[in-house]
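What follows is the residue order along each chain.
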Number of protein chains: 2
Amino acid sequence: MADEIPGYNYGAREVARSPISDEEFEQLKVGAGFTQEDVRYLRMAGEVLQDQVAEIVNRWRSDIIVHIPHLAKHSRSLDGGPLPDYLARSNRRFEQWILDTCLRPYDRAWLDYQHEIGLRHTTARKNQVDHVSSTAEVPFQDVLSFIPVINETMKTYLARKGHSSDEVEKMHQAWSKSMLLQMAIWTKSYASAESTKRV
Amino acid sequence: MADEIPGYNYGAREVARSPISDEEFEQLKVGAGFTQEDVRYLRMAGEVLQDQVAEIVNRWRSDIIVHIPHLAKHSRSLDGGPLPDYLARSNRRFEQWILDTCLRPYDRAWLDYQHEIGLRHTTARKNQVDHVSSTAEVPFQDVLSFIPVINETMKTYLARKGHSSDEVEKMHQAWSKSMLLQMAIWTKSYASAESTKRV
């Protein structure tokens, strides 16, 4: 299924390489208290979320972001008009990202792909894979400020398959840790984009 | 009490001014879904935490960070030796920051002071207020990766005063939102420090 997602090329040769070294990546995990238990609870979360990803992304995109102009504009044309294909394509990747967050091993391929996704929110690579004309960049502060909304919504969906409240809590904690790990990785995506701008 | 904390100068004229405009600051709150309900639960959290801040900071610093070399080094001298005064002074500010997060209104003075605290983790202002020689900067990715640990520990302390699990959950959510808001503010602190370096 992932093969058919437009612009999704996890593990491919053309994916950017994160400047974060393997050692720094391990340090990020240690700093976040990210352990094998989190890996197990992310797997559980992946099973719970697998058939809900379209609904989740639809909730973020069509119930929440659409009402927040400074966020919604990044999926629209520069004059604010709709770009339904762009939205549909990036929604498919957004759905797959939930699964990759839960089910993929956090190795170099994963690290590099999170960096690639980061770059696709910056002037370095936004719009390119979909060949659209939209905003040049999603400011990093706006990405960070949206993380609580992602985490909060997620809890509802994690609780839908009859797991104990302790299990839901642990899946949610593992998810939330991953969000901050990914934001840590994105600091380098935004820094790369900035340094390219200066050249 | 806050008046006696070395290097703590909330609201003072010499505090840096955040480049984030009032409008952008409102957008960050909207993006994070930060509402008046969160303000109320942060107030409740402030009451719950008020007499626990020394214990909390001690837990972070002496139980957790001390065992993570790439984080611990930022409170030590460049050769890795202890700087007990630096640690003690910054611990006092760390404690006050918990209270400011919970009890201060999120207005321009608060925004500016969070930016100031951000700068004090960068090459622009780290070590200066304490006149110490330590690492030049705490990398932003390491700050971000530590947020899950801050959030997770916090839950224990929020639950200690007999509030219902729903109240604890809501205090914790409000706290977690504030953490991401603050990290969003810090993107500009780190960007300012970078642009100063280039001059």
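Peer 1: Which residues make up the overall build of chain A, and what values do they have?
Peer 2: Helix and strand counts for chain A come out as eight helices and zero strands. Starting at the N terminus and walking to the C terminus, you meet the elements of chain A as α-α-α-α-α-α-α-α. Relative to the compact-globule value of 16 Å for 199 residues, chain A shows a C-alpha radius of gyration of 17 Å, a close match. With the C-alpha coordinates of chain A rotated into their principal frame, the extents come out at 45 × 40 × 30 Å. A sequence separation of at least 24 residues applies to 82% of the contacts in chain A between residues at least 6 apart. In the form shown here, chain A has an accessible surface area of approximately 8900 Å², with 51% of it arising from carbon and sulfur atoms. Charge separation in chain A, taken as the distance between the mean sites of 25 positive and 28 negative side-chain charges, equals 3 Å.

Peer 1: Just give me the short version of the nonpolar core, but keep the residues and values in it.
Peer 2: By size, the foremost hydrophobic cluster in this structure holds 114 residues, and its most contacted members are Leu49, Trp60 and Ile98 of chain A together with Leu49, Trp60 and Ile98 of chain B. Residues in contact with Trp60 of chain B, not counting those within four places in the same chain, are Ile65, Phe94, Trp97, Ile98, Val149, Ile150, Thr153 and Met154 of chain B.

Peer 1: Which residues make up the relation of the copies chain B and chain A, and what values do they have?
Peer 2: With an RMSD of 0.0 Å, the operation that places chain B on chain A is a rotation of 180° combined with a shift of 0.0 Å along the axis. Taken together, the rotation and translation describe the operation of a two-fold axis. When the interface residues of chain B are mapped onto chain A, 100% of them are again interface residues, pointing to one common binding face.

Peer 1: Describe unusual backbone geometry, and please don't skip the residues or the numbers.
Peer 2: Residue and element names in this part refer to chain A. In this structure, Asn127 takes a positive phi of about 80° despite not being glycine. Mapping Asn127 onto the fold places it in the loop between helix 6 (108–119) and helix 7 (140–158). Phi is positive for His131, which is not a glycine, with a value near 50°. Its location among the elements puts His131 in the loop between helix 6 and helix 7.

Peer 1: Any details on the packing of helix 2 (residues 36–49) of chain A against helix 5 (residues 84–103) of chain A? Residues and values, ideally.
Peer 2: All names here are of chain A. The geometry of helix 2 relative to helix 5 is characterised by a closest axis approach of 7 Å and an angle of 150° between their N-to-C directions. The orientation of helix 2 with respect to helix 5, classified from their angle, is roughly antiparallel. Residues Leu42, Arg43, Ala45, Gly46, Glu47 and Leu49 of helix 2 form the contact with helix 5, whose participating residues are Ile98, Leu99, Thr101, Cys102 and Leu103. A per-class count over the contact of helix 2 with helix 5 returns seven nonpolar, two polar and two charged.

Peer 1: Give a description of helix 6 of chain A that names residues and reports values.
Peer 2: All names here are of chain A. For helix 6, with 12 residues, the first-to-last C-alpha span of 16 Å sits near the 16 Å given by 1.5 Å per residue. Most of helix 6 sits out of view: 11 of its 12 residues are buried. Listed in full, the buried residues belonging to helix 6 are Arg108, Trp110, Leu111, Asp112, Tyr113, Gln114, His115, Glu116, Ile117, Gly118 and Leu119. The N-cap of helix 6, judged by a side-chain oxygen 3.3 Å from the amide nitrogen of Ala109 a few residues on, is Asp107.

Each value, and the rule that gives it
- Residues numbered from 1 in each chain as written.
- Chains lettered and ligands numbered in written order.
- Predicted model: local features only at pLDDT ≥ 70, side-chain atom pairs only at ≥ 80, totals over all residues.
- Heavy atoms only, no water.
- Helix = DSSP H or I, 4+ residues; strand = E, 2+ residues; numbered from the N terminus.
- Rg over C-alpha atoms; globule rule 2.2 N^0.38 Å.
- Contact = heavy atoms within 4.5 Å.
- Areas by Shrake-Rupley, 256 points an atom, 1.4 Å probe, with all protein chains shown as cover.
- Lys, Arg positive; Asp, Glu negative; His and termini not counted.
- Charge placed at Lys NZ, Arg CZ, Asp CG, Glu CD.
- Core = buried A, V, L, I, M, F, W, Y, C linked by side-chain atoms within 4.5 Å.
- Buried < 20%, exposed > 50% of the residue type's maximum accessible area, 1.4 Å probe, protein only.
- Least-squares fit on C-alpha atoms with pLDDT ≥ 70 in both.
- Axes fitted to C-alpha atoms, helices over the stretch in contact; angles between N-to-C directions.
- Parallel < 35°, antiparallel > 145°, perpendicular 65-115°, else oblique.
- Nonpolar A, V, L, I, M, F, W, Y, C, P; charged D, E, K, R; others polar.
- Expected span 1.5 Å × (residues − 1).
- Polar contact = N/O pair within 3.5 Å; in protein donor to acceptor, adjacent residues only side chain to side chain.

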